Amino acid sequence: METKDKRNIIGSILCFISSALFGGIAIAFWMIREVYQSDNYKFDVEKDDIYRYSLIGAVGYIVNVILLRLVL
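Residues numbered from 1 in each chain as written. Predicted model: local features only at pLDDT ≥ 70, side-chain atom pairs only at ≥ 80, totals over all residues. Heavy atoms only, no water.

Asker: Can you break down helix α2 (residues 24-40) residue by residue, with the values?
Answerer: Here α2 contains 17 residues, and its C-alpha end-to-end distance of 24 Å stays within 8% of the 24 Å for a straight helix at 1.5 Å per residue. Where α2 is concerned, the buried positions are A26, W30, M31, E34 and S38. Looking straight down α2, one finds its buried side chains confined to an arc of 140 degrees; they lie on one side. Relative to its buried face, α2 has exposed residues pointing more than 90 degrees away, namely I25, F29, I32 and Y36. Its buried side turned inward, α2 meets α1 (3-22) and α3 (47-71). A positive backbone phi angle near 55 degrees is found at K42, which sits one or two residues after α2. (Helix = DSSP H or I, 4+ residues; strand = E, 2+ residues; numbered from the N terminus. Expected span 1.5 Å × (residues − 1). Buried < 20%, exposed > 50% of the residue type's maximum accessible area, 1.4 Å probe, protein only. Arc of directions from axis to C-beta. Contact = heavy atoms within 4.5 Å.)

See the structure below:
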């Protein structure tokens, strides 16, 4: 497995966990992180990363809402 693939898998897992724990704030954090990295390291924003993190973040947010309804 290539380094980029490992990094994408780890990033996806962390995005899901953070969005499941913190909700919509985590999705915004991951988008800001992508833009910061593209500006800081001088490469183009990878649209597939943004799509992946948005989708995984949305699923994590749904899990967050379900967990909150179970707890409260």
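Asker: I'd like to hear about the layout of surface pockets, residue by residue, with values.
Answerer: Vacant regions in the atomic arrangement are exposed by a probe of water-molecule size rolled over the atoms. Counted as a void, the largest pocket has a volume near 170 Å³. In terms of lining, the largest pocket is formed by R7, N8, R33, E34, Q37, F43, E46, D49 and Y53. Per-element accounting of the lining of the largest pocket gives the leading share, three residues, to α2. Residues belonging to the lining of the largest pocket are distributed by class as follows: two nonpolar, two polar and five charged. (1 Å grid on protein atoms, 1.4 Å probe; cavity = no way out; pocket = protein on both sides within 12 Å on 5 of 7 lines; lining within 4 Å. Points joined across faces, edges and corners; volume = space filled by probe spheres on them. Nonpolar A, V, L, I, M, F, W, Y, C, P; charged D, E, K, R; others polar.)

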